[in-house]
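For reference, the chains in residue letters:
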Amino acid sequence: MGKINELEEKSELWEKTKEKATKMLWWDDVVEGLAKQSQETEQSDTETEKDKTEDSSKQQTETSSTPATLSQNGKVWFMHPVALMNYFKFKAGIVTYHIYQDGKIEKHIPEKISPGFERKYQYVYHDKNKKIHELGIFTVYVTKAMSRGNIPQAHNVELINVKEFEKGYISSDGSVKAKFATFNSDHDRWYINPNCFAGLLGAMLELNVDYLGFNGFSTYDAKSVESQSHINRVAGDLRYISEKRNGELTWLFYSTFDFDEQEKFNTALYKFGWARTSLMYSEYFTYKKQSNTLLKYIKHMKKDPPNGYRHHHHLHICGFDFNLIKNVQD
């Protein structure tokens, strides 16, 4: 019975291979079309030569180009090396997130996952100059989803360990970079949703941020520790940005708090999907003698004890719009 199933699978694979091969039988049609176009162009040039003076004929010869042709045997004499490398690099049978500088994010899912990449996701960034940056390949962890109170649910969720990005990324010329300067959690809250990770990376790369303090999202089993809203790795905490650019603990009323840079980063977070379905959390504070100042894309979240919470010492990011991610079947 096993051999019969194996033969059926091989037969089905062969039929799919033949179908793909049939779709590629276009060379003769293109050769014929280009040859006809070339003949028409030569005929047109000949008639034009008869009606033009010597000067105009010279100008026509200098500005016209040789018609494109293809060899009839189907042999290709040139391959663009960069395009060829990118083809094999990003068609290697691994799920790949493509993060674009304009805020677009695509999740490319190959028809077949290559062996060894079943639980791996790749992240790639396309900068404003259309250069491609391979940020890394990360392990995907699967665990039970949690409801508030860390109650297991029936369905599963995926997680990425942010500490796998501990070394960060920097391009060869130093023009594109992203890195967490510090990791700050006593409960190993290093795990984040793969889509959310793409949005966070996009915001960091937008401003070349290599100085964030990462306080954490969820634990390895998608549980929330210290905050009920951190379940399922879709909400997390970051330190406010310091003028020292070192990921140090920074409160809103510290003299080293970089208000302008924080505003830019909040805007970048919004651009890449955060604060879309709900605002992020911070607090009112006084800035340049203006009381009740509130950062962009933020709502004031403060509650006195007991069971209170504060956000003057960290930014709580949430409200990621998963509809922003476009799934592409390769």
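Residues numbered from 1 in each chain as written. Predicted model: local features only at pLDDT ≥ 70, side-chain atom pairs only at ≥ 80, totals over all residues. Heavy atoms only, no water.

Quick word on the nonpolar core
Next up, step 1: Judged by nonpolar contacts, the single largest core of 59 residues is most densely connected at Tyr123, Leu200 and Phe265.
Next up, step 2: A total of eight residues in this core trace back to one element, the largest contributor, which is helix α5 (residues 194-206).
Next up, step 3: In this view, Phe265 contacts Leu200, Ala203, Met204, Leu207, Val209, Leu212, Leu238 and Ile241; residues no more than four positions away in its chain are not counted. (Core = buried A, V, L, I, M, F, W, Y, C linked by side-chain atoms within 4.5 Å. Buried < 20%, exposed > 50% of the residue type's maximum accessible area, 1.4 Å probe, protein only. Helix = DSSP H or I, 4+ residues; strand = E, 2+ residues; numbered from the N terminus. Contact = heavy atoms within 4.5 Å.)

Some points on a nonpolar patch on the surface
Next up, step 1: A grouping of Leu249, Phe253 and Tyr254 is seen on the molecular surface, where their side chains present a nonpolar patch of about 290 Å² in accessible area.
Next up, step 2: Residue position: Tyr254 is located in the loop between β11 (236-238) and α6 (259-271). (Patch = residues over 30% accessible without salt bridge, like charges linked within 9 Å, V, L, I, M, F, W, Y side chains within 5 Å. Areas by Shrake-Rupley, 256 points an atom, 1.4 Å probe, with all protein chains shown as cover. Salt bridge = Lys/Arg side-chain N within 4 Å of Asp/Glu carboxyl O.)

Description of empty space enclosed by the protein
Next up, step 1: Inspection of the entire model under this criterion finds one cavity of 30 Å³ or more.
Next up, step 2: Taken together, Tyr211, Leu212, Gly213, Arg239, Tyr240, Ile241, Ser242, Asn246, Gly247, Glu248 and Thr250 form the lining of the largest cavity.
Next up, step 3: In terms of residue class, the lining of the largest cavity is built from four nonpolar, five polar and two charged. (1 Å grid on protein atoms, 1.4 Å probe; cavity = no way out; pocket = protein on both sides within 12 Å on 5 of 7 lines; lining within 4 Å. Points joined across faces, edges and corners; volume = space filled by probe spheres on them. Nonpolar A, V, L, I, M, F, W, Y, C, P; charged D, E, K, R; others polar.)

Comments concerning the confidence of the model for the chain
Next up, step 1: Mean pLDDT over the chain works out to 83, with 70% of the residues at or above the 70 mark.
Next up, step 2: In this model residues 52-66 is a low-confidence stretch, pLDDT under 50, and it forms five contacts with partners more than four residues away in sequence or in other chains. (pLDDT = per-residue confidence, 0-100.)

Side note on the environment of Ile170
Next up, step 1: For Ile170, the location among the structural elements is in strand β6 (residues 169-170).
Next up, step 2: Separated by 35 residues in sequence, Ile170 and Leu205 have C-alpha atoms that sit 9.8 Å apart.
Next up, step 3: If we skip the residues at most four places from it in the chain, Ile170 touches Val176 and Lys177.

Description of the environment of Ser255
Next up, step 1: Mapping Ser255 onto the fold places it in the loop between β11 and α6.
Next up, step 2: Considering only alpha carbons, one finds Ser255 and Ser242, 13 residues apart in sequence, at a separation of 9.0 Å.

A short note on unusual backbone geometry
Next up, step 1: Cis geometry marks the peptide bond from Pro305 to Pro306, where omega comes out at 0°.
Next up, step 2: With respect to the helices, strands and loops of the structure, Pro306 is situated in the loop between β15 (298-300) and β16 (315-317).
Next up, step 3: Despite not being glycine, Ala222 shows a phi value in the positive range, around 65°.
Next up, step 4: Here Ala222 is to be found in the loop between β10 (212-216) and β11.
Next up, step 5: Although it is not a glycine, Arg245 sits at a positive phi angle of roughly 55°.
Next up, step 6: Along the chain, Arg245 turns up in the loop between β11 and α6.

Re the side chain of Asp127
Next up, step 1: Of note, Asp127 is situated in the loop between β3 (120-126) and β4 (132-147).
Next up, step 2: At 2.8 Å, the side chain of Asp127 forms a polar contact with the backbone nitrogen of Asn129.
Next up, step 3: Side-chain polar atoms of Asp127 contact the backbone nitrogen of Lys131, separated by 2.8 Å.
Next up, step 4: Filtering out sequence-adjacent residues up to four positions away, Asp127 remains in contact with Gln101, His133 and Val176. (Polar contact = N/O pair within 3.5 Å; in protein donor to acceptor, adjacent residues only side chain to side chain.)

Observations concerning the packing of aromatic side chains
Next up, step 1: Going through the model one piece at a time under the given rule, you end up with 26 aromatic pairs.
Next up, step 2: Between the aromatic rings of Phe138 and Phe165, the centroid separation amounts to 6.2 Å while the plane-to-plane angle is 55°, which identifies the pairing as tilted. Separated by 27 residues along the polypeptide, Phe138 in strand β4 and Phe165 in the loop between β5 (151-161) and β6 bring together distant segments of the chain.
Next up, step 3: The exposure class assigned to Phe165 is buried, which follows from its relative accessible area of 2%. (Phe/Tyr/Trp six-rings, centres within 6.5 Å; stacked < 30°, edge-to-face > 60°.)

A look at the sheet that holds strand β17 (residues 325-329)
Strand pairing in a sheet is mediated by backbone hydrogen bonds. Such pairs are either parallel or antiparallel.
Next up, step 1: The seven strands are arranged β9-β5-β4-β3-β1-β2-β17 in an open sheet whose pairing can be described as mixed. Each edge of the sheet is formed by a strand with only one pairing partner; in this case those strands are β9 (191-192) and β17.
Next up, step 2: Pairing of strand β1 (residues 95-100) with strand β2 (residues 105-109) involves four bridges; the strand directions are antiparallel. Across the sheet, Tyr97 pairs through a bridge with Lys107, a residue of β2. (Pairing = 2+ DSSP bridges.)

Considering the environment of Ser175
Next up, step 1: With respect to the helices and strands, the residue Ser175 is situated in the loop between β6 and β7 (177-178).
Next up, step 2: By relative accessible area, which is 39% here, Ser175 ends up partly exposed.
Next up, step 3: Along the chain, Ser175 and Asp127 lie 48 residues apart, while their C-alpha atoms are 9.8 Å from each other.

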